[in-house]
Amino acid sequence: MKRIFSGVQPSGNLHLGNYLGAIRNFVRLQDGYECVYCVVDLHAITVWQDPAELARNTRECAATFLAAGIDPERSVIFNQSRVAAHARLAWIFNCVARLGWLNRMTQFKEKAGKQRENASVGLYVYPSLMAADILAYKATHVPVGEDQKQHLELTRDIAQKFNHDFGIEFFPLIEPLIFGEATRVMSLRDGAAKMSKSDGSEASRINLTDDADSIAHKIRRARTDPEPLPHSPDGLAGRAEAANLVGIFAALADRTAEDVLAEFGGRGFADFKPALSELAVAVLSPIAAELRRLMADPGYVDSVLAAGAERAAAIADPVLDEVHEIVGLAAR
Ligand code: AMP
Ligand code: TRP
């Protein structure tokens, strides 16, 4: 059986990268797979979160799933801290994963930066919790953006070592699903930096809550170069900002970069940016409107999360029971 699992951190500022790299794919995968989508609040607290903001962001992240088209009847939508199996399995995985494996994680190095001694222990073992999220459901396929690839390789390593250590084929080896024309959306201000929730510059990202005017304003101000667009994707080499905008256009239009350049090749950004703005507004405005509507009805969103958590626990708890038995731990 195929089962999808993925998660998004409720750390505020969900943006176009989250949408094109992950959430839009979550929506599409509902046709054909059983899907479990999680707001990973336990991951969010690996760096400081204001408690009131965290609660609000958790609801907003769930509301964004709904607004983007995830159907709470077909798919399971819930937040991680409601289902105890995540933290419990993560502890067991902390005893399976090796220090050397975690030491190689580039996201930890980036997030901890020069303050490594002062990073939380949770930030360091973050990938064990992510493996637990996925494997508590025995998920087989995990849609994510490009930046999560290394964490998914670690998930495979943990599953493999667990199976090997206990001499049992228990956990599946997951397949990453990284697809679409924009698996790594870059900052609008710097083609070398990923579009991210935590970038200090609001102009660097298009938030999913942005209105039409701010979307247009940010695209107008997006950094580019003075050359016209090339006629094929080869011509984008060494032009990170141009490549990023073409990738965003292609993804939003559901076209290939090649096809977009067949239309816009030879034309300058003065032509391309207004077309991109119009397209971005057409795709994102209905989502922002639905998100606003849902945020005005917090009772509904919370009821979706509560019902989702029950369905999630019904899958994860029996898996945890089996793990306890395999490892020789007491029955829950
Ligand atoms: P996060 O915001 O780190 O919780 O990420 C949630 C999902 O969005 C993950 O699948 C990420 O890989 C994806 N994602 C985050 N930033 C980007 C980006 N700039 N481009 C493409 N995907 C992204
Ligand atoms: N680490 C992921 C991110 O920051 C979020 C995440 C947590 C996740 N658990 C997961 C993604 C399980 C996929 C599967 O983007």
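Procedures and definitions
- Residues numbered from 1 in each chain as written.
- Chains lettered and ligands numbered in written order.
- Predicted model: local features only at pLDDT ≥ 70, side-chain atom pairs only at ≥ 80, totals over all residues.
- Heavy atoms only, no water.
- Near = heavy atom within 4 Å.
- Polar contact = N/O pair within 3.5 Å; in protein donor to acceptor, adjacent residues only side chain to side chain.
- Areas by Shrake-Rupley, 256 points an atom, 1.4 Å probe, with all protein chains shown as cover.
- 1 Å grid on protein atoms, 1.4 Å probe; cavity = no way out; pocket = protein on both sides within 12 Å on 5 of 7 lines; lining within 4 Å.
- Sits in = over half its atoms within 2 Å of the grid points.
- Helix = DSSP H or I, 4+ residues; strand = E, 2+ residues; numbered from the N terminus.
- Phe/Tyr/Trp six-rings, centres within 6.5 Å; stacked < 30°, edge-to-face > 60°.
- Buried < 20%, exposed > 50% of the residue type's maximum accessible area, 1.4 Å probe, protein only.
- Lys NZ or Arg CZ within 6 Å of the ring centre and 35° of its normal.
- Points joined across faces, edges and corners; volume = space filled by probe spheres on them.
- Nonpolar A, V, L, I, M, F, W, Y, C, P; charged D, E, K, R; others polar.
- Axes fitted to C-alpha atoms, helices over the stretch in contact; angles between N-to-C directions.
- Left-handed = near helix turned anticlockwise from the far one by under 90°.
- Contact = heavy atoms within 4.5 Å.
- Expected span 1.5 Å × (residues − 1).
- Salt bridge = Lys/Arg side-chain N within 4 Å of Asp/Glu carboxyl O.

## Notes on the site of ligand 2
Thinking step 1. As a structural note, the neighbourhood of ligand 2 is formed by 13 residues, with Gln9, Tyr126, Met130, Asp133 and Gln148 the closest of them.
Thinking step 2. Taking Gln148, its side chain carries an N or O atom lying 3.1 Å from a nitrogen atom of ligand 2.
Thinking step 3. In the complex, 91% of the free accessible area of ligand 2, which totals 360 Å², lies under the protein chains.
Thinking step 4. Its atoms largely coinciding with the cavity grid, ligand 2 occupies the largest pocket.
Thinking step 5. Among the elements of the structure, strand E1 (3–8) and helix H7 (121–135) are those that each provide at least two residues to the shell around ligand 2.
Thinking step 6. Considering each element in turn, the shell around ligand 2 owes the most residues, four residues, to H7.

## Description of the packing of aromatic side chains
Thinking step 1. Under the defined criterion, the tally for this structure stands at 16 aromatic pairs.
Thinking step 2. Relative to Phe166, the ring of Phe162 lies with its centre 4.8 Å away and its plane at 45°, an arrangement referred to as tilted. With a gap of four residues between them, Phe162 and Phe166 both fall in helix H8 (residues 149–166), about one helical turn apart.
Thinking step 3. For Phe162, a relative accessible area of 0% gives the class buried.
Thinking step 4. Phe166 sits in the partly exposed class, given a relative accessible area of 34%.
Thinking step 5. One aromatic cluster in this structure is built from Phe93, Phe162, Phe166, Phe170 and Phe171.
Thinking step 6. Geometry around Phe170 places Lys138 over its ring, the cationic atom sitting 3.7 Å from the centre.

## Focus on the layout of surface pockets
Any space left empty among the atoms is revealed by the rolling of a water-sized probe across them.
Thinking step 1. Estimated volume of the largest pocket: approximately 1100 Å³.
Thinking step 2. Along its surface, the largest pocket is lined by 45 residues, and Gln9, Gln107, Asp147, Gln148 and Lys194 are the ones closest to its centre.
Thinking step 3. Breaking the lining of the largest pocket down by element, the ones donating at least two residues are E1, helix H1 (16–29), helix H2 (41–44), helix H6 (106–112), H7 and strand E4 (141–143).
Thinking step 4. The biggest single contributor to the lining of the largest pocket is H1, with five residues.
Thinking step 5. Split into classes, the residues belonging to the lining of the largest pocket amount to 17 nonpolar, 19 polar and nine charged.

## Some points on the packing of H1 against helix H3 (residues 51–68)
Thinking step 1. At a minimum axis distance of 9 Å, the contact between H1 and H3 shows a crossing angle of 60°. The crossing of H1 and H3 is right-handed. Between H1, through Tyr19, Ile23, Phe26 and Val27, and H3, the contact on the second element is made entirely by Thr64, Phe65 and Ala68.
Thinking step 2. Among the residues forming the contact of H1 with H3, the class breakdown is six nonpolar, one polar and no charged.

## A few points about the site of ligand 1
Thinking step 1. Near ligand 1, the surroundings consist of 17 residues, among which Gln9, Gly145, Asp147, Val185 and Lys197 are the closest.
Thinking step 2. The contact in question runs from an oxygen atom of ligand 1 to an N or O atom on the backbone of Gly145, over 2.8 Å.
Thinking step 3. Its free accessible area being 480 Å², ligand 1 has 93% of it covered by the protein chains.
Thinking step 4. With respect to the detected pockets, ligand 1 is housed in the largest pocket.
Thinking step 5. The dominant element in the shell around ligand 1, judged by the number of residues it contributes, is H1, at four residues.

## Brief notes about H8
Thinking step 1. With 18 residues, H8 ought to run about 26 Å at 1.5 Å a step, and its terminal C-alpha atoms sit 26 Å apart, in line with that.
Thinking step 2. In the segment just after H8, Gly167 is the residue with positive phi, at about 60°.

## Describing the pattern of salt bridges
Thinking step 1. The full count for this structure, using the stated rule, is 18 salt bridges.
Thinking step 2. Residue Arg59 pairs with Asp302 through a salt bridge whose shortest N-O separation is 2.9 Å. Highlighted residues: Arg59 in helix H3 and Asp302 in helix H13 (residues 298–327), separated in sequence by 243 residues.
Thinking step 3. The exposure class of Arg59 is partly exposed, given its relative accessible area of 26%.
Thinking step 4. Classification of Asp302 by relative accessible area gives partly exposed; the value is 26%.
Thinking step 5. Across the pair Lys161 and Asp165 runs a salt bridge, and its minimum N-O distance is 3.0 Å. Linking Lys161 with Asp165, this pair stays in helix H8, spanning four residues, or about one helical turn.
Thinking step 6. The exposure class assigned to Asp165 is partly exposed, which follows from its relative accessible area of 41%.
Thinking step 7. Several salt bridges converge on common partners, so that one network encompasses Glu202, Arg205, Asp210 and Lys218.

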